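Observations on the model geometry
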Amino acid sequence: MELDRLDRDIIAALVEDARATYAEIGHHVGLSASAVKRRVDRLRDTGAITGFSARVAPRALGWNTEAYVELFCQGKTKPSDIALAMTRYPEVVAAATITGEADALLHIRATDVRHVERVIERIAAESFVVRTKSSIVLSRLVDLPTGAVAADPRNGSPVGG
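The present account deals with the structure reproduced in this document. Numbers given to residues run from 1 along each chain, matching the order in which its sequence is written. Residue-level local features of this predicted model are given only where pLDDT is at least 70; pairs of side-chain atoms are given and counted only at 80 or more, and the full residue set underlies all totals for whole chains, interfaces and linings. Think of the side-chain values as coming from all heavy atoms in the structure, minus any hydrogens and water.

**Notes on the overall build of the chain**
Helix and strand counts for the chain stand at five helices and four strands. In this text, helices come from DSSP runs of H or I with a minimum length of four residues, and strands from runs of E with a minimum of two, each type numbered from the N-terminal end. Listed by position from the N terminus, the elements making up the chain come as α-α-α-β-α-β-β-α-β. Each residue's exposure class comes from its accessible area (1.4 Å probe, protein chains only) as a fraction of the maximum for that residue type: buried when under 20%, exposed when over 50%, partly exposed otherwise. Sorting the 161 residues of the chain into buried and exposed places 28% on the buried side. Throughout, a residue-residue contact means that at least one pair of heavy atoms, one from each residue, lies within 4.5 Å. Restricting the contact set of the chain to residue pairs at least 6 apart, pairs at least 24 apart contribute 65%. Within the structure as shown, the chain displays about 10,700 Å² of accessible surface, and the carbon and sulfur contribution to it stands at 53%. Values of accessible area rely on a 1.4 Å probe in the Shrake-Rupley scheme; residue burial ignores everything except the protein chains shown.

Spelled out as structure tokens, the structure:
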């Protein structure tokens, strides 16, 4: 589906505050509340908007430490096998196949460095894992909300990933 500038502005408003009313969003983007509702309904029907959720600060849940772990796997390990195995670890909040030497990159959140270490030890014991390489996050420099897409200030088109 192709999104126009109003669609992108509505999505940006919802990413910023999913609890905003259609009237509030309409005021922000220059549409009536009913026009915003129709567009949101269409965006949901077409799958551009997949749902609404609450963003909870990981620190509020005691997850004070995060790390990125590169996985190096045996032979032709299937991405679906990696994905299935990683779903068993609540500390793994994201996993992706990547280019380069590693087969996958994991994003881990944990209570402290020792907790990260225990999680990595368990992951490294998976039958398909040859080795891991980890990096602990010291500080976040940019932290856009999940689902947010930066927009080019000149024309509003998406930039980056």
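**Brief notes about the sheet that holds strand β4 (residues 129–136)**
Being paired, for any two strands, means DSSP has found at least two bridges between them. An order of β2-β3-β1-β4 is seen for the four strands of this open sheet, with the pairing classed as antiparallel. The two strands at the open ends of the sheet, each matched to only one other strand, are β2 (92–97) and β4. Strand-to-strand, the axes of this sheet are offset by a mean angle of 20 degrees, without reference to chain direction. Bridging between β2 and strand β3 (residues 104–110) involves five bridges; their strand directions are antiparallel. Within β3, the residue paired with T97 across the bridge is A104. Between N-to-C directions, angles cover 0 to 180 degrees, with each direction set by a line fitted to C-alpha atoms, over the stretch in contact for helices. Sitting on the sheet, helix α4 (residues 79–86) is in contact with β1 (65–73), β2 and β3, with an inclination near 145 degrees to β1.

**Regarding the nonpolar core**
In this structure, L71, M86, L106, I108 and I123 are the most contacted members of the largest nonpolar core, which totals 19 residues. When contributions to this core are tallied by element, the ones reaching two or more residues are β1, α4, β3 and α5 (113–124). Sequence-distant contacts of M86, defined by excluding residues within four places in its chain, comprise L71, V92, L106, I123, E126 and F128. In plain words, nonpolar cores are sets of buried Ala, Val, Leu, Ile, Met, Phe, Trp, Tyr and Cys residues tied together by side-chain atoms within 4.5 Å. Residues L14, I25, V36 and V40 belong to the second largest nonpolar core, which totals ten residues.

**Describing helix α1 (residues 5–16)**
Any helix carries an expected span of 1.5 Å times its number of residues minus one. An ideal rise of 1.5 Å per residue puts 16 Å on twelve residues; α1 measures up with 16 Å between its terminal C-alpha atoms. Restricting attention to buried positions, one finds in α1 the residues D7, I10, A13, L14 and V15. Tucked into the core, α1 has its buried residues touching α2 (22–29) and α3 (33–45).

**Things to note about the pattern of salt bridges**
Within this document, salt bridges are pairs made up of a side-chain nitrogen of Lys or Arg and a carboxyl oxygen of Asp or Glu, the two lying within 4 Å of each other. Across all of its chains, the model carries eleven salt bridges by this definition. For the salt bridge of D4 with R39, the shortest nitrogen-to-oxygen distance reads 3.0 Å. With D4 in the segment before α1 and R39 in helix α3, this pair connects stretches of sequence that are 35 residues apart. Judged by its relative accessible area of 34%, D4 is partly exposed. A relative accessible area of 18% means that R39 is categorised as buried. R42 is the partner of D7 in a salt bridge, and the nearest nitrogen-oxygen pair spans 2.9 Å. Of this pair, D7 sits in helix α1 while R42 sits in helix α3, and the two are 35 residues apart along the sequence. Among the charged side chains, a network of salt bridges with common partners joins D4, D7, R39 and R42.

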